[in-house]
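Structural features, examined
The primary structure of each chain is shown beneath.
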Amino acid sequence: MRQDRLQSFLLKGPTMTRADETPVDLPGAAPRALEIEQNGINFISVNEHRGRPRELFWPWFAANISVLGISYGAFLLGFGISFPQAVIVGVIGIVISFLFCGLVSLSGKRGHAPTMTLSRAAFGVHGNRVPSAISWLLLVGWETVLASLAVLATATVFTRLGWHSGFFTKVAALVLVALLVMIGGILGFEFIMKLQMWITVITAVLTVIYVILVASNINFDTLAAIPAGPIPQLIGGFVFMLTGFGLGWVNAAGDYSRYLPRHASSAGVVGWTTFGASLGPVVLLIIGLMLAGSSQELSEAIATDPIGALTTLLPTWFLVPFALVAVLGLVGGAVLDIYSSGLALLSAGLPVPRFLAAAIDGVLMIAGSIYLVFIADNFIGPFQGFLITLGVLIAAWCGIFVGDFALRRRPYASSELLNPRGRYGSVRPLSLVLMAIGTVVGWGLVTNSFAGWLAWQGYLLGPFGLGGREGSWAYANLGVLAALLIGFVGMLVLGRRAVRAEEDQPLSAADLEAATIE
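Anyway, here's the lowdown on the structure attached to this text. (Residues numbered from 1 in each chain as written. Predicted model: local features only at pLDDT ≥ 70, side-chain atom pairs only at ≥ 80, totals over all residues. Heavy atoms only, no water.)

1. Points about unusual backbone geometry
The phi angle at His112 is positive, at roughly 55 degrees, despite the residue not being glycine. Within the secondary structure, His112 sits in the loop between helix H4 (83-111) and helix H5 (115-118). Here Asn477, not a glycine, exhibits a phi torsion of approximately 55 degrees, which is positive. Turning to its location among the elements, Asn477 is positioned in the loop between helix H17 (429-444) and helix H18 (478-494). (Helix = DSSP H or I, 4+ residues; strand = E, 2+ residues; numbered from the N terminus.)

2. A short note on the packing of aromatic side chains
Under the counting rule described, the total for this entry stands at 21 aromatic pairs. With centroids separated by 4.5 Å and ring planes inclined at 40 degrees, the aromatic side chains of Tyr72 and Phe245 adopt a geometry described as tilted. A residue pair is termed long-range when its members are at least 10 positions apart, and Tyr72 in helix H3 (residues 68-77) and Phe245 in the loop between helix H11 (231-244) and helix H12 (266-294) qualify at 173 residues. Phe245 carries the same exposure label as Tyr72, and that label is buried. (Phe/Tyr/Trp six-rings, centres within 6.5 Å; stacked < 30°, edge-to-face > 60°. Buried < 20%, exposed > 50% of the residue type's maximum accessible area, 1.4 Å probe, protein only.)

3. Describing the nonpolar core
Counting residues in each nonpolar core, the largest one holds 137 residues, and the members touching the most others are Tyr72, Tyr210 and Phe322. Of all the elements, helix H16 (residues 380-407) adds the most residues to this core, at 16 residues. (Core = buried A, V, L, I, M, F, W, Y, C linked by side-chain atoms within 4.5 Å.)

4. A few points about the environment of Pro53
Here Pro53 is to be found in the loop between helix H1 (2-12) and helix H2 (57-64). Residue Pro53 is classed as buried on the basis of its relative accessible area, which comes to 11%. The spacing of Pro53 and Lys109 is 56 residues in sequence and 9.6 Å in space, taken between C-alpha atoms. Those residues in contact with Pro53 that lie beyond four places of it in its chain are Leu260, Ala264, Ser265, Gly268, Val269 and Trp272. (Contact = heavy atoms within 4.5 Å.)

Right, dumping it as structure tokens:
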């Protein structure tokens, strides 16, 4: 009888509640920011749903306002394209990449679970351990990169000020940055949402001041003289923007929308996520293109110290505020990374509480930062190799996930996402095969000249008539686009029947109640 009433609710809509009745499904009070979040990869219960789509602006803006976006100007011009070309492919690449994040965020609102938990619907409960492990590796890599940049930036500022900037200064900076990032990851969602709001305000104001101070270094005649590049270089720059921005976040996008009530505007979720994440990088990239395009010396310095090199343009009195905006911007991104990497680690099968998973990732972040800060010869080599290699893998996953999500018309059977005997099964061979094909083709169509240990990539450039590893298409990084399309089209064409069969099965009473209660 209860299920009949719930199905009637779906058809007729909710009934009015008398003034003297208190519905048990009303959202409860939000936990305090300094309380450790207890939710992990589980489904978020209805009484914990809260917030509005516009609140997504704060975490996404804060995570992407880092002055590293200015350094991307030098990276992008390194593809051998002109200033106008770089602006076009840069802006389009950033916005499209974060549009994918907006689309994945919809799954969080619909499924009320972390992204890599919802990914089980496409890959199976146990099969999803493969993309979860890849997601975890990507996120840990990103938090390591951001923490390392914060340490290098601090050391450079100390040098400019004439203070001690040697080994112990870098160690102290690393400890401080790691502590800030790990506190955010361990405390969880509420603390992160509050922290990102403050980071947004502080970094936005100081970034505007930075732009005003360095504007005099822009030489428009020099920018106009940069020659245009051919189509392969344009595509390479575009793909680099995809992997450097939104594709680095798609596997975590649903983590920050999963607390939203189901009736929240879907357009608002996509719009605020895309707008909040894109706004800062678009502005910073254009500034970076003008600065790097005006000075070859600056462009070369950014390859070694992407953040610290930007201090050479500043007056001494603004160095400390610059250090603050640089470190806070990088911490804002690293906090989201460590939070989501902990969730990905749980989804991969590690049986520990969420906060302990975040702590484990923090230790790995410190170890990786030690390598980048104290051992690696430069930054751009490991960074480019990391982005493109894992970019292929995550692009294949993204295509499969978005394709699977596009096929679904009904709510997820949330309780079955944790049960390998449920409708989603233990392993979904189709998704794993598509991911394997996308990866093999993708790695065959990318090259990594900056990282010698990745020289084996690009093995399909010759057989496909693209000029081999030294040809004009070698640096177009077509493999990322190929992996994305193989996953997406393959799932749309071959996965439709399986999704329909799943959705034809009735929801459990608990899942049906959760689907209708809002």
